[in-house]
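Commentary on secondary and tertiary structure
Here's the letter readout for the chains.
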Amino acid sequence: SNYSVILKVNAHFEVIQEEESDVTHLSDRRTEETTYIKGFPYRMSFFATIESRKAASFMINATLLISSLILIGTGASLMGFYRVQMLEVITVDFIIVPTVLTGGGIFTLIVSIFGLTAVAREDTCLLLSYAVLVAVDFCILMAGIISSVRLLFDIQIGFLDADVMSELSAYETDSWVRYKWDTIQTEFTCCGGYGYAQGYTDWKKTSMGGTRNSVPDSCCLFIAPGCGNNLFEVNDIRVVIGKINVHGCLTVMQRRLETHVTVILIVFAAVGGILAIMQLLSVVLACCLASNFSHGDEISVYEYETRSRAGSVSKRSYGAETTFYGGPSREVPMDL
């Protein structure tokens, strides 16, 4: 009957209205979410919307990018100016800390740029990859912080336990040991291992000093080939002081490390802790944004399918209503 046709059309329209209300509800959830804690709604004012989360992620990545440049510069200065990587005879942390600062800084720079790109493109796959990279960067940063704290203690007490005689004995046979000690003695104007005014005597315990009474030319005040030959044959200390540097290298370096590098390590440990917290927050934001953008894609597909169904139902209902008001047809029989 005509009445049953009208009821079917109305039922279709009610289904369409319910689907459109569901789409509206999902869209509202995408733009603003409410978190429930123990049954009570708690609205996070800053991270409530996707735009605020994107803004926070942009700020964190920008901060990490700037920090990475500072880390790279600090690590390069430790290796280039203070030459701490050459003190691995004392502890391996002297290699780990500058390496983490430089290599970790470069890695953080790349990851932060990648994160800015991922957030700008609103790509779910890129955001999840970024979260994994930040987690790896967090582990590297934590390793650097732990090594820097250990190095602070090594600077205070580790120098006393270092055995430099094995390295001094390998000076003539190991090219790396020779390059390392020539560099240290030249740049820090020192000679030998420990002691003020007596550091150069450590070379007397090696084959160079024991058999030839000589020290490396890098100990000389004015470096020239053979300037350190037959030094231990001189008995007048004033003549010795006029020819070579007499202070031990580890003694000189320890003083410089205590006054300069210790401050750098303390600042790095403190700032690194703050950066680690920011990286954890960045991982959480990246996962949240990836989830939001993924749900947004689902909403878009759902809206498209709903509107398609709505259009087809509208056409059918329009034909039914036309049949009712325009007269009988083949599709809908009219029993008047």
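One can find the structure itself at the top, above this paragraph.
Numbering of residues starts from 1 in each chain and follows the order in which that chain's sequence is written. Reporting in this predicted model follows two pLDDT cut-offs: at least 70 for local features of residues, and 80 or more for side-chain atom pairs to be given and counted; totals over whole chains, interfaces and linings ignore these cut-offs and use all residues. Side-chain descriptors were evaluated using all non-hydrogen atoms of the structure, hydrogens and water having been removed beforehand.

A word on the overall build of the protein. Counting secondary structure elements, the protein contains nine helices and two strands. When accessible area is computed with a 1.4 Å probe and restricted to protein chains, residues below 20% of their type maximum are described as buried, those above 50% as exposed, and intermediate ones as partly exposed. In the protein, which comprises 336 residues, the share counted as buried stands at 40%. In what follows, a contact means two residues having at least one pair of non-hydrogen atoms within 4.5 Å. Considering only residue pairs separated by 6 or more positions, the protein has 70% of its internal contacts joining residues 24 or more positions apart. Only the protein chains shown count as cover for residues, and the accessible areas themselves come from Shrake-Rupley with a 1.4 Å probe. Summed over all atoms, the accessible surface of the protein reaches about 18,400 Å², with 63% contributed by carbon and sulfur. Working definition: helices are DSSP H or I runs of at least four residues, strands are E runs of at least two. Numbering for both runs from the N terminus.

Here the focus is the packing of aromatic side chains. Given two aromatic rings, their pairing is described by the distance between the two centres and the angle made by the two planes. Think of it this way: a Phe, Tyr or Trp ring, Trp meaning its six-membered ring, pairs with another when their centres are within 6.5 Å, and the plane angle makes it stacked under 30 degrees, edge-to-face over 60, tilted otherwise. The final tally for this structure, using the stated rule, is four aromatic pairs. Both rings, one in Tyr200 and one in Phe232, keep their centres 6.1 Å apart while their planes meet at 15 degrees; by these two values the pair is stacked. Placement of the pair is Tyr200 in the loop between helix H6 (175-187) and helix H7 (207-212) and Phe232 in the loop between H7 and helix H8 (237-243), with a sequence separation of 32 residues. Residue Phe232 is classed as buried on the basis of its relative accessible area, which comes to 13%.

Quick look at a nonpolar patch on the surface now. Nonpolar side chains collect at one region of the surface, where Val263, Val267 and Val271 lie side by side and expose about 230 Å² of accessible area between them. Within the element layout of this structure, Val267 appears in helix H9 (residues 249-326). Only residues above 30% relative accessible area that lack a salt bridge enter a patch, with like-charged residues linked at up to 9 Å and the nonpolar side chains Val, Leu, Ile, Met, Phe, Trp and Tyr linked at up to 5 Å. Should a side-chain nitrogen of Lys or Arg be within 4 Å of a carboxyl oxygen of Asp or Glu, the pair is scored as a salt bridge.

Right, let's get into the state of the cysteines. Disulfide assignment relies on a single distance test, namely cysteine sulfur atoms paired within 2.5 Å. In this structure the tally under the stated criterion is three disulfides. Bridging Cys220 to Cys227, the disulfide has an S-S length of 2.1 Å. Its S-S torsion of approximately 110 degrees makes the covalent link between Cys220 and Cys227 right-handed. Should the bonded cysteines of the protein be numbered as they appear in the sequence, the pairing reads 1-6, 2-3, 4-5. There is no disulfide at Cys287, and the cysteine sulfur nearest it, in Cys288, is 7.0 Å away. Note on Cys287: relative accessible area 37%, which makes it partly exposed.

The next thing to look at is the side chain of Arg83. Along the polypeptide, Arg83 turns up in the loop between helix H2 (50-80) and helix H3 (93-121). In this structure Arg83 touches Leu78, Tyr179, Thr183, Glu187, Phe188 and Met253, once residues within four positions along its chain are discounted.

Here the axes come from fitting lines to C-alpha atoms, over the contacting stretch only for helices, and the angles between their N-to-C directions go from 0 to 180 degrees. At a minimum axis distance of 7 Å, the contact between H2 and H3 shows a crossing angle of 155 degrees. Viewed along their axes, H2 and H3 adopt a mutual orientation that is roughly antiparallel. The hand of the H2/H3 crossing is left-handed. Looking at the contact of H2 with H3, its residues break down into 20 nonpolar, ten polar and one charged. Comment on the angle field: the value is read as roughly parallel under 35 degrees, roughly antiparallel over 145, roughly perpendicular from 65 to 115, and oblique elsewhere. Two helices cross in a left-handed way if the nearer one is turned anticlockwise from the farther one by less than a right angle. They cross in a right-handed way if the turn is clockwise. Polar here means any residue other than Ala, Val, Leu, Ile, Met, Phe, Trp, Tyr, Cys and Pro, which are nonpolar, and Asp, Glu, Lys and Arg, which are charged; Gly is therefore polar.

So, on to the environment of Gly248. With respect to the helices and strands, the residue Gly248 is situated in the loop between H8 and H9. Its relative accessible area of 0% is what places Gly248 among the buried residues. The spacing of Gly248 and Thr189 is 59 residues in sequence and 9.2 Å in space, taken between C-alpha atoms. Among all residues touching Gly248, those that are not within four sequence positions of it are Cys190, Cys191, Gly192, Gly193, Tyr194, Gly195 and Gly199.

Our next topic: the pattern of salt bridges. Scanning all chains against the criterion turns up seven salt bridges. One salt bridge in this structure joins Glu122 and Lys54, with 2.7 Å as the shortest N-O distance. With Glu122 in the loop between H3 and helix H4 (124-157) and Lys54 in helix H2, the pair connects residues that are 68 residues apart, well separated along the chain. Here Asp93 and Arg150 are joined by a salt bridge, their closest N and O atoms 3.3 Å apart. Of this pair, Asp93 sits in helix H3 while Arg150 is found in helix H4, placing the two residues 57 residues apart along the sequence. For Arg150, a relative accessible area of 46% corresponds to the partly exposed category. Each member of the salt-bridge network shares a partner with another, and the members are Glu88, Glu167 and Lys180.

As a further point, take the side chain of Asn292. Residue position: Asn292 is located in helix H9. Between N or O atoms, a polar contact is any pair within 3.5 Å; within protein, one atom must be a potential hydrogen donor and the other a potential acceptor, and residues adjacent in sequence are included only when both atoms are from side chains. Reaching out from Asn292, the side chain makes a polar contact with the side chain of Arg53 at a distance of 2.6 Å.

A few words now on the nonpolar core. It is characteristic of soluble globular proteins that their nonpolar side chains tend to be buried jointly. Nonpolar cores are built from buried Ala, Val, Leu, Ile, Met, Phe, Trp, Tyr and Cys residues. Side-chain atoms within 4.5 Å join them into one set. Formed by 51 residues in total, the largest nonpolar core has its most connected members in Phe94, Tyr200, Trp203, Ile244 and Val261. Listing elements by their share of this core, those giving two or more residues are H2, H3, H4, H6 and H9. The leading source of residues in this core is H9, at eleven residues. If we skip the residues at most four places from it in the chain, Ile244 touches Tyr200, Val215, Cys219, Cys220, Leu221 and Leu231. Counting residues in hydrophobic clusters, the runner-up holds eight residues, among them Ile50, Leu126, Leu127 and Leu289.

The next thing to look at is H6. Between its terminal C-alpha atoms H6 stretches 18 Å, which fits the 18 Å expected from 13 residues at 1.5 Å a residue. Looking one or two residues beyond H6, the residue adopting positive phi is Thr189, at roughly 45 degrees. The length a helix should cover is 1.5 Å for every residue beyond the first.

So, on to the packing of H3 against H4. Viewed as axis vectors pointing N to C, H3 and H4 meet at an angle of 160 degrees, and their least axial separation amounts to 9 Å. When the axes of H3 and H4 are compared, the pair comes out roughly antiparallel. When you trace H3 past H4, the crossing you get is left-handed. The class makeup of the residues in the contact of H3 with H4 is 18 nonpolar, seven polar and five charged.

Interpretation in functional terms is not warranted from these geometric data alone.
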